[in-house]
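Each chain is listed here by its residues.
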Amino acid sequence: FRKVTRFTRIAPSQGNVRFLSSSGSLTLASLGLKSEVKTVSANEKNKLQQGISTIEVPKSREKKRVSGNKQGLVKEKNPVDIMTAPFAAKSFSELGIPPLLVERLEKEGFTIPTDVQAAAVPTVLKNHDVVIQSYTGSGKTLAYLLPILSRVGPLKEELSDGYETGKKIDIEAVIVAPSRELGMQIVREVEKLLGPANKKLVQQLVGGANRSRQEDALKKNKPAIVVGTPGRIAEISAAGKLPTHGCRFLVLDEIDQLLAFTFREDMKRILDHVGRRPGARGGESNSPLVKRAARQTIMVSATVPFSVIRAARSWGCDPLLIQANKVVPLESVTPAGSVNIPGTPSTTDSSSNVQPMADVQSLPPNLQHYYTITRIQHKVDMLRRCVHAVDAKCVIAFMNHTKQLKDAVFKLEARGMNAAELHGDLSKLVRSTILKKFRNGEIRVLLTNELSARGLDLPECDLVVNLGLPTDSVHYAHRAGRTGRLGRKGTVVTICEESEVFVVKKLQKQLSLTIQACEFSEGNLVIIED
Ligand SMILES: Nc1ncnc2c1ncn2[C@@H]1O[C@H](COP(=O)(O)OP(=O)(O)OP(=O)(O)O)[C@@H](O)[C@H]1O
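Under the annotation held in an unreviewed UniProt entry, the protein carries the name RNA helicase and is attributed to Solanum commersonii. Quoted verbatim from the Catalytic activity (unreviewed entry) field of UniProt, the annotation for the protein is "ATP + H2O = ADP + phosphate + H(+)".

The structure is reproduced here in structure tokens:
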């Protein structure tokens, strides 16, 4: 603006602002700035199409043309913006992590804990059962892995911590995740920290992989940590091949999804057997002390509906809710997501129906949200135009039906855009090959379904597109959270039909965010202000 006012006068006209100069309309680009933001006016659409740069604004629908809103201007692929990254000003060693583990973290490039890690690590180290809730991409995985690795495996603290030492007891930590991809991602994170020499201390037990090979590995390697999907863990446990009665940690990652009906039987088996010594079951086991002696339960998600709070109260022993910079007893959380001050009467009935806790806390702060309207048959072409307009390098596009994915890939490839589909019907090997290709940039657009919405960490992703509308605000939050991870920039675009706009408005309200209307014109993202 300082640059603009040196050369121009700013003339307010009918509530809009136009930049004027002696040599015609002035744009930020003409001033040598890479981004160009214009206010536009009547006949804007025609003129945009004719390449006319100054456009008038009708009262109701003002458009801003965001040409070159191109994150491609930044050479490094979607880098972390340190100013908006959720780093707490503390070092890992201050959190009570053993020096060997701090050393490993530094080797892997982790030097400062994020807010949620700073809150969670010391609390979990004090043996509390916890629910960890923080927005997508804020580092919740390390928030629970670090206290576990401080107590289990070769990097743990030397001092006795009150537990049996010396003899090898069962598996010491079981981590449950709702999808194979997420399970494998957690395994990779643990392997990274344990180092190549101790890789075998963690064993994956995900579905879709060879079960007898997993059972052989359990027998041969005697891992300290297992990570898997509910079905496979329950299956191997039921076969009597998973010694988890003496297990010290049970982690339920994406806990709200693990509460889904499809996982019910498997979750019951896991909750009944992991960390439950045979003698400790039965009526007596409901006493908090018995529960505490048996295992520490850690539940994690970016979205914590009240059903999770209820489950956590019954599965854990006086659990705490951990959010970035905040630790409160779960007892004080009401269905609306607010926290009651101890000693004051609760205003809400805790038996009332499931209410998501302020979903806005589940989204990273630095995301830009847009929606655009088109006919259903033009959605894929709109996606292509959107990718060009934002100049996105790594795009995840969500569709609601697996059958639609192949057709969309075909259409994009036909227009010269590298694309691939990812869904649960593909084999484990194909899925991991596709993810690898996406990570290294060989695939620009990954067309997928809800499978990829949870937990997948693809930091390069700079654009998420909803080609099919998410079913609710929780699904929107997890899909959107595949971009903008740990302080990175991210754009979320929902491509919908005219008749679906009301859903977008509802999501906007539930998530307390602004989802701006936009169009893609001449390779630009044009904001439409209602
Ligand atoms: N302290 C840290 N310093 C630097 N990078 C970190 C740190 N903690 C985590 N990360 C990185 O941040 C990214 C996001 O972390 P993670 O996947 O744990 O997020 P999340 O909160 O579990 O997200 P989601 O809710 O989507 O599962 C990962 O690439 C991880 O390696």
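After that view of the structure, there is still more to cover.
Chemist: Before we go on, may I ask you to explain the nonpolar core in this structure?
Modeler: Nonpolar side chains tend to gather and get buried jointly when the protein is soluble and globular. With 43 residues, the main nonpolar core has Ile97, Ile132, Tyr144, Leu146, Ile225 and Ile298 as its most contacted residues. Dropping the residues within four chain positions of it, Ile298 is found in contact with Val124, Val130, Ile132, Tyr144, Phe249, Leu250, Val251 and Leu252. Counting 34 residues, the second-largest nonpolar core is a separate cluster that includes Leu367, Tyr371, Phe438 and Leu451.

Chemist: So what exactly am I meant to see when it comes to the site of the ligand here?
Modeler: Taken together, 22 residues sit near the ligand, with Ile112, Gln117, Lys140, Thr141 and Asp457 positioned nearest. Here an oxygen atom of the ligand and a backbone polar atom of Gly137 are 2.8 Å apart. The separation between an oxygen atom of the ligand and a polar side-chain atom of Arg482 is 2.9 Å. Contact with the protein chains removes 91% of the 640 Å² of surface that the ligand exposes when unbound. Split into classes, the residues belonging to the shell around the ligand amount to 8 nonpolar, 8 polar and 6 charged.

Chemist: How do you make sense of the side chain of Arg482 when you look at a structure like this?
Modeler: When you line up the elements, Arg482 lands in the loop between α16 (473-480) and β19 (490-496). Of the side chains bearing the opposite charge, Glu254 lies closest to the buried Arg482, which forms no salt bridge; the N-O distance is 5.6 Å. Separated by 2.9 Å, the side chain of Arg482 and the backbone oxygen of His478 make a polar contact. Not counting chain neighbours up to four residues away, the residues in contact with Arg482 comprise Thr136, Ile396, Phe398, Ser452, Ala453, Arg454, Gly455, Leu456, Leu458, Cys461 and Val464.

Criteria and cut-off values
Just so you know, the residues in each chain are numbered from 1, in the order the chain's sequence is written. For a predicted model such as this one, the threshold for reporting local features is a pLDDT of at least 70, and the threshold for listing and counting side-chain atom pairs is 80 or more; totals across whole chains, interfaces and linings nevertheless cover every residue. Excluding hydrogens and water, the side-chain values take into account all heavy atoms of the structure. UniProt positions are given in the numbering used here, feature names are shortened, and annotations may be inferred rather than shown by experiment. Put simply, a nonpolar core is a bunch of buried Ala, Val, Leu, Ile, Met, Phe, Trp, Tyr and Cys residues held in one set by side-chain atoms that sit within 4.5 Å of each other. Any residue under 20% of the maximum accessible area for its type is buried, any over 50% is exposed, and the rest in between are partly exposed; the area is computed with a 1.4 Å probe on protein chains only. Note on contacts: a residue pair qualifies if any of its non-hydrogen atoms lie within 4.5 Å across the two residues. Here a residue counts as near a molecule or strand whenever at least one of its heavy atoms sits within 4 Å of it. Here a polar contact means two N or O atoms within 3.5 Å. Within protein one must be a hydrogen donor candidate and the other an acceptor candidate, and residues neighboring in sequence count only if both atoms are side-chain atoms. The protein chains shown are the only cover counted for residues, whose accessible areas, like all others here, come from Shrake-Rupley with a 1.4 Å probe. When residues are sorted by character, Ala, Val, Leu, Ile, Met, Phe, Trp, Tyr, Cys and Pro go into the nonpolar class, Asp, Glu, Lys and Arg into the charged class, and all the rest, Gly among them, into the polar class. Strands here are runs of E lasting at least two residues and helices are runs of H or I lasting at least four, both read from the DSSP assignment and numbered beginning at the N terminus. Only four residue types enter the tally: Lys and Arg on the positive side, Asp and Glu on the negative side, with His and both chain ends excluded. Counted as salt bridges are all cases of a side-chain nitrogen of Lys or Arg within 4 Å of a carboxyl oxygen of Asp or Glu.

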